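Chain residues, written in single-letter form:
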Amino acid sequence: IDDNIMFDDFVKDAISVLDYFIKTNQFNHIYIIGHSQGSLVGMLAAANGADGFISIAGVAQPIDNIVIEQIEKTYPVFSKDAKRVFSTLRKGQKTNNYPTELGAIFNKDVQGFMINWMQYNPVDEIKKLNMPILILQGSKDLQVETKEAYQLNKVVPQSKLAIIELMNHVLVPIEGDN
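Calculation criteria
- Residues numbered from 1 in each chain as written.
- Predicted model: local features only at pLDDT ≥ 70, side-chain atom pairs only at ≥ 80, totals over all residues.
- Heavy atoms only, no water.
- Helix = DSSP H or I, 4+ residues; strand = E, 2+ residues; numbered from the N terminus.
- Rg over C-alpha atoms; globule rule 2.2 N^0.38 Å.
- Buried < 20%, exposed > 50% of the residue type's maximum accessible area, 1.4 Å probe, protein only.
- Contact = heavy atoms within 4.5 Å.
- Areas by Shrake-Rupley, 256 points an atom, 1.4 Å probe, with all protein chains shown as cover.
- Lys, Arg positive; Asp, Glu negative; His and termini not counted.
- Charge placed at Lys NZ, Arg CZ, Asp CG, Glu CD.
- Polar contact = N/O pair within 3.5 Å; in protein donor to acceptor, adjacent residues only side chain to side chain.
- Pairing = 2+ DSSP bridges.
- Phe/Tyr/Trp six-rings, centres within 6.5 Å; stacked < 30°, edge-to-face > 60°.
- Right-handed = clockwise from strand over helix to strand, strands pointing away.
- Axes fitted to C-alpha atoms, helices over the stretch in contact; angles between N-to-C directions.
- Nonpolar A, V, L, I, M, F, W, Y, C, P; charged D, E, K, R; others polar.
- Parallel < 35°, antiparallel > 145°, perpendicular 65-115°, else oblique.
- Left-handed = near helix turned anticlockwise from the far one by under 90°.

Visitor: Help me understand the overall build of the protein, please; the structure alone is not making it clear to me.
Guide: A count of helical and extended segments in the protein gives 8 helices and 4 strands. Compactness check: the protein gives a C-alpha radius of gyration of 17 Å against a globular reference of 16 Å for 178 residues, within 12% of the reference. Split into buried and exposed, the 178 residues of the protein put 45% on the buried side. Of the contacts made within the protein by residues no fewer than 6 positions apart, 61% connect residues no fewer than 24 positions apart. Surface accessibility of the protein: about 9,800 Å² in total, with carbon and sulfur atoms responsible for 53%. Between the mean site of the 16 positive side-chain charges and the mean site of the 21 negative ones, the protein shows a separation of 7 Å.

Below is the structure:
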């Protein structure tokens, strides 16, 4: 990631596309669909005039909480380090003080992007949407757990929730344990 690209750039792009289609007036309804990280992007964009929103494998927590959970499950030895680095990022500060093993997550040129992304809490953002909302989640998604979809649905009770059996994070049916 270019260290000049921010999470908000994705949101601005999505809003520009929404604005374009609103101005062309060629469609009766415009729904925003966001997958994974794009779910939060879609929530933020949909608030700018969409008629509905669909979240696919979207999370309900700020990204730092999600990443810490994932690290605790896969590399628990680095949990304390991850929490420390995210604490620094939450203050808007960058750092070089992280284990090399976590470089893909905390590389200096992605830290600005992460700082920007961390400011958003998906449960707060989805509550701002006054439109039809569909929340889709796969039962075999190893990246985003079903609890995230249930939490999004809980904070917006008028939303519809569908757990797709056997679907993984990339929308492919999976048989067995993986």
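Visitor: When you look at the environment of Asn48 in this model, what are you seeing that I'm missing?
Guide: By secondary structure assignment, the location of Asn48 is in the loop between α2 (37-46) and β2 (52-56). Considering only alpha carbons, one finds Asn48 and Val67, 19 residues apart in sequence, at a separation of 28 Å. Each residue touching Asn48, except ones within four places of it in the same chain, is listed here: Ile15, Leu18, Asp19 and Ile22.

Visitor: Sorry, what's going on with the side chain of Asp64 here?
Guide: If you trace the backbone, Asp64 turns up in helix α3 (residues 63-74). A polar side-chain atom of Asp64 sits 2.8 Å from a polar atom in the side chain of Arg90. Excluding anything up to four places from it in sequence, Asp64 contacts Phe86, Arg90 and Met118.

Visitor: How should the pairing of β2 be read in this particular structure?
Guide: Along any regular strand, the residues point their side chains to alternate faces of the sheet. Summarising burial for β2: 5 of the 5 residues are buried, a large majority. Residues Gly52, Ile54 and Ile56 line one face of β2 and the alternating positions Phe53 and Ser55 line the opposite face, and both faces are buried. Strand direction decides the pairing type here: strand β1 (residues 31-35) and β2, joined by 5 bridges, are parallel. Along β2, the bridge assignment pairs Tyr31 with Gly52.

Visitor: Looking at this model, I keep getting lost on the packing of aromatic side chains. Mind explaining?
Guide: Two numbers describe a pair of aromatic rings. These are the distance of the centres and the angle of the planes. Going through the model one piece at a time under the given rule, you end up with 10 aromatic pairs. In textbook terms, an aromatic cluster arises when at least three aromatic residues are bridged by ring pairs, as seen for Phe7, Phe10, Phe113, Trp117 and Tyr120.

Visitor: What's the story with α2 in this structure? I'm lost.
Guide: It helps to recall that an α-helix has 3.6 residues per turn; residues three or four apart then point in one direction. Burial analysis of α2 places 8 of its 10 residues in the buried class, which makes it a mostly covered element. Regarding α2, the residues found buried are Ser39, Leu40, Val41, Gly42, Met43, Leu44, Ala45 and Ala46. Against α1 (7-24), β1, β2, α6 (108-118), α7 (122-127) and α8 (146-155) lie the buried residues of α2.

Visitor: What is the right way to read the pairing of strand β4 (residues 160-164) from this model?
Guide: As paired strands, strand β3 (residues 133-138) and β4 are joined by 5 bridges and run parallel to one another. Bridge pairing in β4 links Gln137 to Ile163. Between the parallel elements β3 and β4, the chain passes through α8 in a crossover that is right-handed.

Visitor: Just to check I follow, could you spell out the packing of α1 against α6 for this structure?
Guide: Geometrically, a packed helix pair is captured by the angle between its two axes and the distance between the axes. At their nearest, the axes of α1 and α6 sit 7 Å apart, and the two run at 65° to each other. Contacts between α1 and α6 pair Phe7, Asp8 and Phe10 from the former with Phe113, Asn116 and Trp117 from the latter. Per-class residue counts for the contact of α1 with α6 are 4 nonpolar, 1 polar and 1 charged.

Visitor: Mind showing me how you'd approach the packing of α1 against α2 here?
Guide: Their axes nearest at 9 Å, the elements α1 and α2 cross at an angle of 55°. Classified by the angle between their axes, α1 and α2 sit oblique to one another. Judged by the twist between their axes, the crossing of α1 over α2 is right-handed. Residues Phe7, Phe10, Val11, Ala14, Ile15 and Leu18 of α1 touch α2, and the partners they reach there are Gln37, Leu40, Val41, Leu44 and Ala45. Split into classes, the residues belonging to the contact of α1 with α2 amount to 10 nonpolar, 1 polar and no charged.

So far we have only geometry, and geometry alone does not tell us how the molecule works.
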